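# Report on the structure
Each chain is listed here by its residues.
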Amino acid sequence: MSVVRRRPATTRALGVGLLLALPLALTACDSDDSSGDAVKVTAKDKSCDVAKKDWPAGKNSIKVTNKGSQVTELYVYAQGDRIVTERENIGPGTSATLNFEIKAGTYEVACKPGMKGDGIRQKVTVAGTPAEKPIDPRLAEAVAHYRTFTNTTVEQMLPLATEFVNAVKAGDVAKAKEYYPKSRLGWETIEPVAESFGDLDPQMDAREADLEPGQEWSGWHRIEKALWTTGQITDVEKGYADRLMADLKTLQSKVGTVDITPTSIANGAKGLLDEVATGKVTGEEEAFSHTDLWDFAGNVDGAKKAFELLKPYVAEKDAALTGTLDAEFAKIQGLLFKYKQGDGYVSYDTVDEAKRKELSDAVNALGEPLSKLAGVVAQ
Amino acid sequence: MTETDRVAEAVEPSSGDGFSRRALLGWTGGALVVGAAAAGGVATAVTGTEDKSSTPALGSVDFHGVNQAGIATPVQDRLHFCVFDVITDDRAKLVRMLQQWTAAAAAMTAGKQIGTGADSGVPESPPDDTGEAVGLPPNNLTLTVGFGPTLFTKDGRDRFGIAAKKPEALAELPAFPGDKLDPQRSGGDIAVQACSDDPQVAVHAIRNLARIGFGVVSVRWSQLGFGKTSSTTPEAMTPRNLFGFKDGTRNIAGTETDRLREHVWVPAGEGPAWMTGGSYLVARRIRMHIETWDRTSLQEQEDVIGRNKGVGAPQGATGEHDVVPLKALPEKSHVRLSHPDTNNGATILRRGYSFVDGSDGLGRLEAGLFFLAYQRDPRKGFIPVQQRLAANDAMNEYIQHVGSALFACPGGVRGADDYWGKALFA
């Protein structure tokens, strides 16, 4: 976890995939030797000096030196603050080298002294066409299908979210509670993609416990707290409901622009299981509504979808791995089925410690082999 | 991290803890093994790799042998003891995991990394070894495995077709008066005892075995220990427990082959064949009421133990290793009651550790003795001795047994084709 704030691991996982689908031979030769060609970035407390602002598309490298007095971090953002690469915890007087892949376009390099805020930014331009590795047709198909899947998922969650938002605005607590978990399910299913759009994730899905000082709390969990603690819907919640809908529309308009690669799909699947392991199985995600099992199921479904799309390719490379994953997905879905209630799931506060451990064991049993998926896809 | 450690950020941004595993990716030395790591999925985490650390494997204990290491081996300073439950019904999966564990254990005890190591393999995959022991010598790491009664039968069911091979000596321990056993810290199907002179090495070993075992086993409970409270090298200084006393000065030494043969190793023909060369392990988490002990007068402390607190001499004697003049000791003293001569010769090999798990909710030290005893048959070793102690020991006022487990530890892994439990599952 970040010392400063909590970011979902999946953001980074996807960040990689955004631009990485490279042959190993290319990525593997990086070492400090390459830092001779690295773009030098000098980070100080009030400046962020980027030595070269025109970069070639393809493989690039940054050597950042922190000459400031505070710990800093370095980001390269694509438009919409999508993270291309990042490095945290660069101590005063130290350097770090970041190697990454980047496509043509305009980007921003940000230094964040104290590891806070939006950072001190510099624009850079990337031009040219890197030599691309021909992609296996099965993987190309997986990418196309995954894109359709994310688009469809967002389309399908809109009516449910509309019901939720309308219920909140009508002051209908019972209906709002009913639609709360339903309105989130799609988000949880495509979380790695949904989280890649800069501020959308904190605006829509921040948990109270994770807020930074001064950060405005909005989104689902803000409304969740009101619904399940006071049971009162005020104009404040109604305002946040409107904003949630606006953010969802933004997500809908942007989701098609995400760069998806086979590796990012695989990493996203693993990331979804990590989400379950750290947030859902602990009951931390839905602190008030205890609808964690809905999110859990959404995460698992999203991971399964990703795996199924990659399976034709992976099965040929590593049949033992796909066999294990088939079995473990079946096991965890069977386990989740036990908690089905109507079209949803039982409240997580009715699931005792022993049962939570059983779920946690199933998450570990699936998450461990799932972490091997990206390695096979990247071959 | 120093700058020289920042070899390459590679293509993956750093993980959220601010430290990127990828930062460790150094491609110098031609360590890149394309395709090898991913090829077998989880199963690749099993083969030992060349020792990539620059430090030679100083102080390593042979993993292979007639008996398992970690029993008569000189007691190391640190412990990570972990008990697992098997969560699959698939016998083949369990056997495969035991094979993977054995290969990993053989590598780690030799100071090698697991599989393709911590900084090699496919960059898009997590490394086979978690890496926190890289560069550390094994510090006499030993890994010792034991099988609990519930591995054989549970709820009357033969789980893996090995019920008929369950030793009679592996019966559940009887209830002892005064026990307050926490089921969350008791029992379990498989135990692994990791001992090393470096805590990080012991923790690394358990962490990686747990990881390899995901989906087959689940961690039931574990215990960290420090400050060995017994010694299997009696010529060395006897360590003190958290009561400040020397104990176990008459413990069996690793060099006393006759006593080991008589009291510790299971001989051929005694119980099932797979236990030949093995031993039975009793593990007890003994909470010590530290604060009340510390308010106890020196005289009472010495009377409770039956020893002088300074040099550790038995009461009525002058030297630590003097023959214990049993009759001179208070009747209910710990030393008198637990001595083999007052227990029809019942003798166990102790290799327990102190533990302090912070403080409890009342601000008392959550501390005590993690008692580990090996013996040829618990019905002739731990059980009769503990029955006497539980009924009479003056020390009971200051201690409470809160966790308990019994395991059958098979004979040693004999060679490269052998693995933990091979004779049991054959």
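Residues numbered from 1 in each chain as written. Chains lettered and ligands numbered in written order. Predicted model: local features only at pLDDT ≥ 70, side-chain atom pairs only at ≥ 80, totals over all residues. Heavy atoms only, no water.

## Section: the state of the cysteines
- Within this structure, the stated rule accounts for 1 disulfide over all chains.
- For A:Cys48, the disulfide goes to A:Cys111, at an S-S distance of 2.0 Å. Taking the torsion about the sulfur-sulfur bond, which here is approximately 60 degrees, the covalent link between A:Cys48 and A:Cys111 counts as right-handed. With a gap of 63 residues between them, A:Cys48 in strand β2 (residues 48–50) and A:Cys111 in strand β8 (residues 105–111) connect regions that are remote in the sequence.
- On the accessibility criterion, A:Cys48 (3% relative accessible area) is buried.
- Since its relative accessible area comes to 1%, A:Cys111 is described here as buried.
- Not part of a disulfide, B:Cys82 finds its nearest cysteine sulfur in B:Cys195, a span of 13 Å.
- Judged by relative accessible area, B:Cys82 falls into the buried class, the value being 2%.
- Take B:Cys409: it sits in no disulfide, and the sulfur closest to it among the cysteines is that of B:Cys195, at 11 Å. (Disulfide = S-S within 2.5 Å. Helix = DSSP H or I, 4+ residues; strand = E, 2+ residues; numbered from the N terminus. Buried < 20%, exposed > 50% of the residue type's maximum accessible area, 1.4 Å probe, protein only.)

## Points about the sheet that holds β2(A)
Residue and element names in this part refer to chain A.
- Taken together, 4 strands build an open sheet; the order of strands is β2-β1-β4-β7 and the sheet is mixed. Each having just a single partner strand, β2 and β7 (95–102) make up the two edges of the open sheet. Strand-to-strand, the axes of this sheet are offset by a mean angle of 20 degrees, without reference to chain direction. (Pairing = 2+ DSSP bridges. Axes fitted to C-alpha atoms, helices over the stretch in contact; angles between N-to-C directions.)

## Here's the deal with the packing of aromatic side chains
- Going through the model one piece at a time under the given rule, you end up with 22 aromatic pairs over all chains.
- Seen in terms of ring centroids, A:Phe307 and A:Phe329 are 5.5 Å apart; in terms of plane orientation they differ by 20 degrees. Their pairing is stacked. Taken together, the positions of A:Phe307 in helix α10 (residues 292–317) and A:Phe329 in helix α11 (residues 319–337) put the pair 22 residues apart, joining distant regions of the chain.
- With a relative accessible area of 0%, A:Phe307 lands in the buried category.
- Assessed through its relative accessible area of 0%, A:Phe329 is described here as buried.
- Grouped by ring-pair contacts, the aromatic residues B:Phe63, B:Phe84, B:Trp101 and B:Trp420 constitute a single cluster.
- Stacked on the ring of A:Trp220, the Lys or Arg A:Arg184 has its end atom at 5.2 Å from the ring centre. (Phe/Tyr/Trp six-rings, centres within 6.5 Å; stacked < 30°, edge-to-face > 60°. Lys NZ or Arg CZ within 6 Å of the ring centre and 35° of its normal.)

## As for the nonpolar core
- Core analysis: the biggest nonpolar cluster contains 75 residues, and A:Phe164, A:Leu293, A:Phe296, A:Leu310, A:Leu359 and A:Leu373 have the highest contact counts within it.
- In terms of residue count, helix α3 (residues 137–169) of chain A provides more of this core than any other element does, 13 residues in total.
- Not counting residues within four places of it along the chain, the set of residues in contact with A:Leu310 comprises A:Leu139, A:Ala142, A:Pro262, A:Ile265, A:Ala266, A:Leu373 and A:Val377.
- Residues B:Phe84, B:Leu94, B:Trp101 and B:Val217 belong to the second largest nonpolar core, which totals 72 residues. (Core = buried A, V, L, I, M, F, W, Y, C linked by side-chain atoms within 4.5 Å. Contact = heavy atoms within 4.5 Å.)

## Focus on the domain arrangement of chain A
Residues and elements named next belong to chain A.
- Domain parsing of chain A yields domain 1 (39–127) and domain 2 (137–378).
- Between the C-alpha centres of domain 1 and domain 2 there is a distance of 30 Å.
- Opposite the 4 residues of domain 1 that make contact, domain 2 presents 5 residues.
- In total, about 430 Å² of surface goes out of reach between domain 1 and domain 2, with carbon and sulfur atoms giving 38% of it.
- The interface formed by domain 1 and domain 2 contains 2 salt bridges.
- Among the salt bridges present, the one from Arg 82 reaches Asp 259, with a minimum N-O distance of 4.0 Å.
- Between domain 1 and domain 2 we count 1 residue pair in polar contact (both at pLDDT 80 or more) in total.
- A breakdown of the residues in the side of domain 1 that touches domain 2 according to their chemical character gives no nonpolar, 1 polar and 3 charged. (Domains from an automatic or database assignment. Buried area = accessible area lost by both parts, 1.4 Å probe. Salt bridge = Lys/Arg side-chain N within 4 Å of Asp/Glu carboxyl O. Polar contact = N/O pair within 3.5 Å; in protein donor to acceptor, adjacent residues only side chain to side chain. Nonpolar A, V, L, I, M, F, W, Y, C, P; charged D, E, K, R; others polar.)

## Considering the UniProt feature "domain: Dyp-type peroxidase C-terminal" (unreviewed entry) in chain B
- Within this structure's numbering, the places UniProt gives as "domain: Dyp-type peroxidase C-terminal" (unreviewed entry) are residues 238–413 of chain B.
- For residues 238–413 of chain B, the end-to-end C-alpha separation is 30 Å, with 20% helix and 23% strand making up the annotated structure. (UniProt positions renumbered as here; feature names shortened; annotations may be inferred.)

## Overview of the UniProt feature "domain: Imelysin-like" (unreviewed entry) in chain A
- Per the UniProt record, the feature "domain: Imelysin-like" (unreviewed entry) sits at residues 142–373 of chain A.
- In the segment residues 142–373 of chain A, helix accounts for 73% and strand for 2%; the C-alpha atoms at its two ends are 14 Å apart.

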